[in-house]
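Structural description and commentary
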Amino acid sequence: MSTNLDTLYSRPLDKLVDFNFDEKVANVFPDMINRSVPGYASIVAMTGILSAEFFQPHTQCYDLGCSLGASALSMAKAIKEDSLKIIAVDNSQAMLQKAELLLQQSETSESTSKCIEFICDDINKIDVVNTSVVVMNFTLQFILPAQRSELLKKIYQGMNKGGILILSEKLNYNDTEQQQLLIDMHHFFKKANGYSDLEISQKRQTIENVLLPETLEDHKLRLKKTGFKQVEQWFQCFNFSSLIAIK
Ligand code: GEK
């Protein structure tokens, strides 16, 4: 993937507009997400491993909020099925243009890259059908909280029994001290990865209106209410976590 360095917030910006996934972000996205989300590479790799185990023949997979397609590609490489189809959805045209380009340029075999179909749409609007693996790696946090239950219901309804949802999210904590410690640790991680205090602070201010994290308990409760039989947290690094929900 591209190694363009994320310097979007390195200079003082006159006006801090809400973060959005435009061309500037798409161009630096691999660097941005790897330096900002602790455990991102592990979660993407495990997404492939878990998908391969829970995938059911003759079903399709979904990567919702696919960005540059990293999770879709991890699934495509791990699942051994000739007729595999992975539907990778994002509502950012800039992200998907870059995703298609990266897939063409990657050393992935033709059969692996051909099984990924990119769709530019709002994940609230698409149909989810005949699936055994749905992945939402750091996407639900950008959906308005009032729309989250409906979206999960739709995913659950389109899923076969025994199918899985992999849900990765930034977490919030109700306890103020706990919340502060987890945020501090995340900032230590970003500083260690070369982001300055100015970059961290400007990014925080632009993203806080659009990335709306919830607590681990909220996520687990909602998934259970949706009907998922088993819900387990399988990963956490600082305030970033991943859950598996089995129908
Ligand atoms: C990865 N999963 O690399 N409909 C479709 N896409 C959306 C919507 C929506 N309503 N809202 C946000 N997005 C990826 C990383 S990034 C996470 C996911 C991050 C998209 C948005 O355009 C962006 O590409 C993605 O969700 C979130 O494994 O940047 O923290």
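Residues numbered from 1 in each chain as written. Predicted model: local features only at pLDDT ≥ 70, side-chain atom pairs only at ≥ 80, totals over all residues. Heavy atoms only, no water.

Here we take up the environment of R148. When you line up the elements, R148 lands in helix α6 (residues 145-157). Since its relative accessible area comes to 0%, R148 is described here as buried. Residues R148 and N124, 24 residues apart in the sequence, show an inter-C-alpha distance of 8.9 Å. Contacts of R148, omitting those with residues within four sequence positions, involve L140, Q141, F142, I143, L212, E214 and R222. (Helix = DSSP H or I, 4+ residues; strand = E, 2+ residues; numbered from the N terminus. Buried < 20%, exposed > 50% of the residue type's maximum accessible area, 1.4 Å probe, protein only. Contact = heavy atoms within 4.5 Å.)

Another point: the domain arrangement of the protein chain. Looking at the assigned domains, one finds that the protein chain contains domain 1 (23-36 + 175-207) and domain 2 (40-172 + 212-246). When each unit is reduced to the centre of its C-alpha atoms, the spacing between domain 1 and domain 2 is 23 Å. Taken together, the contacts link 16 residues of domain 1 with 13 residues of domain 2. Both faces considered, domain 1 and domain 2 share a buried interface measuring about 1200 Å² in area, 72% of it formed by carbon and sulfur atoms. (Domains from an automatic or database assignment. Buried area = accessible area lost by both parts, 1.4 Å probe.)

L64, M136, I155, L165, L223 and F228 are the most contacted members of the largest nonpolar core, which has 27 residues in total. For this core, the elements supplying multiple residues, two or more each, are β1 (60-64), β2 (86-90), β4 (131-137), α6, β5 (159-170), α9 (216-226) and β7 (240-246). In terms of residue count, the dominant contributor to this core is α6 (four residues). One finds C61, I116, V135 and I244 within the second-largest nonpolar core, a separate group that totals 23 residues. (Core = buried A, V, L, I, M, F, W, Y, C linked by side-chain atoms within 4.5 Å.)

The end-to-end C-alpha distance of helix α2 (residues 40-54), which contains 15 residues, comes to 21 Å, matching closely the 21 Å that a straight helix rising 1.5 Å per residue would cover. Along α2, the positions that sit buried rather than exposed are Y40, I43, V44, T47, G48 and S51. End-on, the buried residues of α2 take up no more than an arc of 145°, which puts them together on one face. Residues of α2 that are exposed and angled more than 90 degrees away from the buried face: I49 and E53. Against the buried residues of α2 lie α1 (23-36), α3 (70-78), β4, β5, β6 (230-237) and β7. (Expected span 1.5 Å × (residues − 1). Arc of directions from axis to C-beta.)

Glancing now at the pattern of salt bridges. Tallying each qualifying case throughout the model produces eight salt bridges. Note that R35 is salt-bridged to D31, the shortest N-O span being 3.0 Å. Placement of both R35 and D31 in helix α1 is noted, with a separation of four residues, approximately one turn of the helix. Exposure class is identical for R35 and D31. Each is buried. Residue R148 is joined to E214 by a salt bridge in which the shortest nitrogen-to-oxygen separation is 2.7 Å. Of the two residues, R148 is situated in helix α6 and E214 in the loop between α8 (197-207) and α9; the sequence distance between them amounts to 66 residues. Here the residues in one salt-bridge network are R148, E214 and R222, joined through shared partners. (Salt bridge = Lys/Arg side-chain N within 4 Å of Asp/Glu carboxyl O.)

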